[in-house]
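# Tertiary structure, described
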Amino acid sequence: MRELTYLEAVREAMSQEMRQNEDVFILGEDIGVYGGAFGVTRGMIEEFGPERIRNTPISEAAISGTAVGAALTGMRPILELQFSDFITIAMDNMVNQAAKIRYMYGGKGKVPMVLRTPAGSGTGAAAQHSQSLEAWMAHVPGLKVVQPSTAYDAKGLLKAAIDDDNPVIFYEHKLCYKTKSDVPEEQYSIPLGKADVKRAGTDVTIVATAIMVHKSLEAAAELEKEGIQVEVIDPRTLVPLDTETIIQSVKKTSRLIVVHEAVKRGGFGGEIASTIAESEAFDYLDAPIKRLGGKAVPIPYNPELEKAAIPTVSDIVAAVKETLNRQ
Amino acid sequence: MAKEIFMPKLSSTMEVGTLLQWFKKEGDSVEVGEPLFEIMTDKINIEVESYEEGILLKKYFEEDDEVPINHIVGYIGEAGEQVPETPPGESGAAKEQEEVSDSRQAQTEDLAEQGITETTSEEVENEPTETAETAEKLRATPAARRVAREESVTLAEVPGSGPNGRIHQIDVMAFASSNAAPKATPLAKKVAEAEGIDLNAVTGTGSQGKIYRADVEGAKQPASPSAPTPAPTPAPTPAPTPVAAGGKRVKLEGIRKVVAQRMLQSKTTAPHVTLTTEVDMTETIQLRKKLLGLIEQQTGFRVSYTEMIMKAVATSLSLHPSINVTLEGNEIVYREEINLGLAVAVDDGLLVPVVKNANQKGLSAITAECKRLGKAARDSKLKPDEMAGGTFTVSNLGMYAIDAFTPVINQPESAILGVGRINEKPVGVNGVIELRPMMVLSLSFDHRVINGAPAAAFLTELKEVLEQPFKLLV
C-alpha cells in the first residue's frame, strides 16, 4: 500500500469529499494559491477553483460566522484556522451558535461544518501559536472533537467529520503533518467515537492523544526491552469518547496513564481518569491513575524550554515505571 | 446473636492491654477454649481464649493497638451476622466500672484470670473509641481489594509492597497462595514449629482436614517419642524505630511502661527513707553449705543466698508486723499474711513474683517456689495471681559488684529490702581485725506509715537472724 503523510491524507480526504459532494467547500486565510499556512490545501484551488477554496479576510470571527451560516443553509463548509489558538476569536460562533443551533431549533436547523485547525507545540511558534485547547471544546455540549494521530486516521476521521451533520472541531497536530502511514486510496471513513489500540500490552494502559501517541509508542518500545508490555490506546475522538475500549484495557492491565500535550490542569486527561474511576474498571486499578500533561506555562519560544514544557518520551517511561512500582 | 469479645481485666491495676497478635482471621471459625488473641498487660503476656463458639465476625484492633479493659475488641457469631463497623464504646465507662457490683467484678476477674473473655451484651454503647479513630487506615489498591474479596483474604494481614506499604493485587495473590498452606490450630502450628515438622506432611483429623496438636504429635512419634513441649511464646520486643540521628528508639510500652509508671508513682507518693546495715554472713554461709545437699535432694534445686535471706526476712517480719503494712486511704492496714515479692530482672523490665505465706514455709519450699517463679518470670509465663498480693519485696543485686543501693518501694507495699554482694572485708572482731564475708542490707520504707525506729528494729532483727541463723529455728 502506498504511504501518505498526515498532511496529504487530510488533503486527500477533503478532495475526495469535494469531488463527490458539491456542497462541500473550504474557507480560510491564504488557503487558495498559497495553499494554507501549512500547505494542506496546496494545489486544491487548481482543481476546485476559488469558489470552493475560498480565501477570506483575516477574521476568524468572520470565517466561523460564515461557516455557521453556510452550514445552516445546507452547505457543508470546512473552515481552516491557521493556528488553533485563534479559535478564541471564533469562540462565540462555535460555542454560542454552532454548538446549540440544532438543539435550539428542535432539530429543524443543523450545522454540518468542520473546523480544521493545526494545534500543538514543537515548531517554535511560541505562546500564541502552540497551544492545545481541545479540552475547552470538549467541554461544550453540541461540539464534536477529533484528534487524529496518524495519516490513516486523519483521512478516515475527516471524511466522517465532513459527513457528520453536527459541528466538528478537527485538531491536526503540527508535528503529525509530516508523519507517514499506509493510507488506502479508496474511500473509507472511521466512525467518530471509536478508539484505536495502537499497541497491545498487558502491564499498563496508556491513553494518549495526537503527538503523544507517537511518544507513547516510542516509550512502549523502550519499555519492552525491560519486559514491560504497554498498551497504547488512541481515543482519536474526545467527543464522542470510546470509554468502552479504555475500560476494557484498564480491566486487563489494572493501570492507567493518560498522556496529552495540553496543560495537565483542567486537561482532558482528567476526564478520562475520572471516567475510569467511576467505571467498573475502578475495582481493577492496582495503582493510582496517572496523568501526564503539559506544564502550566505558556509554550516558550526557546526550543529547549518548548520541549521541556510538554511530556517527553523519558517522562512517559518514568511514569510507567512509577506506576508499576519499578523505579 | 453475635457475642462481644472484650479486653479482659487481668489484674486490679490493669487499665489497658496491648494486642500482640490475633490467632484468628475474620471469617475463621472459633471453638470454645481456642486461643483468639494474645495480649500484653501490666506484667504478663497471655493468650485470651474464646468463651464462645462461632465465626470471628469482626476484629476492631490490630497488633500493637492498646485497648482499654472491657472494650469490645471484636465479635463472634454466625456467618453473615451484622456487627458494627466501628468498635462500640467501652462497656461501662471507667467510673461505672468501679460501681459495678463486687460479685460482677469478682466474676470478671475470675474469668479473666482463666484467660477467658467475659461476654455481656447489656453494657454496649455505640460511641467509637479513640483507639479506633486513630488506627491507621489500610492502604490497598482497588484491585487488591477486589482480589482480597474474591479470595477471602483479610487485607490487614497482607504485607504491601507499594509505597507506604500500599497493598497491590500481586501482594494479595501471593498471600492467598502462601495461605493455601494446611489449616492448623495455633497450638498445632507452635508444636510443629518447635519440633521442626512440616505441616504439609501432617494429616489433619479436624473438620476439613484441620490439623490439631495430636496430629502433629502423631506425625512426630517415629522420630522422637518424648512428649512435645510447646515453644514458649517469645517475649515481645518493642520494635525499634530508626531515627535520622542514628541510635534506636524503643517505644515505652508494656512492662517497661508499667515499671516506669510504678517507679515514678512510688517515688513521688511515698517519702522514701533508706536504712543500711552490714551483716556478717559467716554463719549463713556455713549453714548454706550444710543445707545445700539436703535441699537439693528434696527439691532438685540448689538453695541460694536470696532464698536464705527471704526466709530470714519472713521470720523477721513476723516479729515486726509494723513493717508488713499497706496504706489504704486513711488507714494503715496491718497485713496478716507475709507474702514476699522477689524482684526478677527480665529482658524488658522487672517482674515481682510473690511467695505467699513465706513465714509458714520451710527453706526447701521457699527455694523450690523461688526457682519456679523466677523461671516463669523470665519465660513470661507468670500468671496474674502469682504477682499479686505481695506485702514486702526483696531485691537482690548481690550477683553484681554492688555493695549497697536504695531500692524503690513496690507499692502498695511499704518497705523493700535491697541486698548487696557478699564481700570479704576487714572488720574488728573482739579487738582483732579479721576478714569477714560482709553484706550490706538496705531497707527503704515509706515514712508515712513506718517510723525510723521500728524500721531500724526490723533491720537489726534481720541482721541478727542472718548472723545467727539458728534463730530461724525458733
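Residues numbered from 1 in each chain as written. Chains lettered and ligands numbered in written order. Predicted model: local features only at pLDDT ≥ 70, side-chain atom pairs only at ≥ 80, totals over all residues. Heavy atoms only, no water.

### Considering the sheet that holds strand E5 (residues 45-49) of chain B
All names here are of chain B. Counted only if it meets this: Each pair of strands is called paired provided DSSP finds at least two bridges between the two strands. Secondary structure elements are defined from DSSP: runs of H or I of at least 4 residues count as helices, runs of E of at least 2 residues count as strands, and each element is numbered from the N terminus. In this analysis an axis means a line fitted to C-alpha atoms, helices contributing only their contacting stretch, and an angle means the value between N-to-C directions, from 0 to 180 degrees.
Taken in spatial order, the four strands line up as E5-E4-E2-E7 in an open sheet, and their pairing is antiparallel. Edge positions in the open sheet fall to E5 and strand E7 (66-68), since each of these has one partner strand only. With strand direction ignored, the average angle separating the axes of adjacent strands in the sheet is 40 degrees. Strand direction decides the pairing type here: strand E2 (residues 16-22) and E7, joined by three bridges, are antiparallel. Each residue of the ladder has a partner; that of Thr 18, found in E7, is Glu 66.

### Looking at unusual backbone geometry
Trans peptide bonds make up most of the peptide bonds, and negative phi angles are found at most residues other than glycine. Short version of the rule: Burial status follows relative accessibility: with a 1.4 Å probe on protein chains alone, a residue under 20% of its type maximum counts as buried, one over 50% as exposed, and anything between as partly exposed.
Across the junction of A:Val239 and A:Pro240, the peptide omega takes the value -5 degrees, indicating a cis bond. Within the element layout of this structure, A:Pro240 appears in the loop between strand E12 (237-239) and helix H9 (243-253). Omega for the bond connecting B:Gln411 with B:Pro412 falls within 30 degrees of zero, at 10 degrees, which places this linkage in the cis form. Mapped onto the elements of the fold, B:Pro412 is located in the loop between strand E18 (392-396) and strand E19 (415-429). In this structure, B:Asp64 is a non-glycine residue whose phi angle is positive, near 75 degrees. Following the sequence through the fold, B:Asp64 ends up in the loop between strand E6 (54-59) and E7. Notably, B:Asn70 is not glycine yet its phi reads approximately 65 degrees, a positive angle. With a relative accessible area of 6%, B:Asn70 lands in the buried category.

### Comments concerning the interface of chain A and chain B
Keep this limit in mind: Note on contacts: a residue pair qualifies if any of its non-hydrogen atoms lie within 4.5 Å across the two residues. One side-chain nitrogen of Lys or Arg within 4 Å of one carboxyl oxygen of Asp or Glu is enough to make a salt bridge. Any residue outside Ala, Val, Leu, Ile, Met, Phe, Trp, Tyr, Cys, Pro, Asp, Glu, Lys and Arg is labelled polar, Gly included; the first ten of those are nonpolar and the last four are charged.
Facing ten residues of chain A, the contacting portion of chain B comprises 13 residues. With its nearest N and O atoms 3.7 Å apart, the salt bridge here joins B:Arg149 to A:Asp283. Residue classes in the side of chain A that touches chain B are distributed as five nonpolar, two polar and three charged.

### Notes on the sheet that holds strand E1 (residues 3-6) of chain B
Pairing in this open sheet of four strands is antiparallel, and the strands run E1-E8-E6-E3 (chain B) from one edge to the other. In this open sheet, the two strands that pair with only one neighbour each are E1 and strand E3 (29-30) of chain B.

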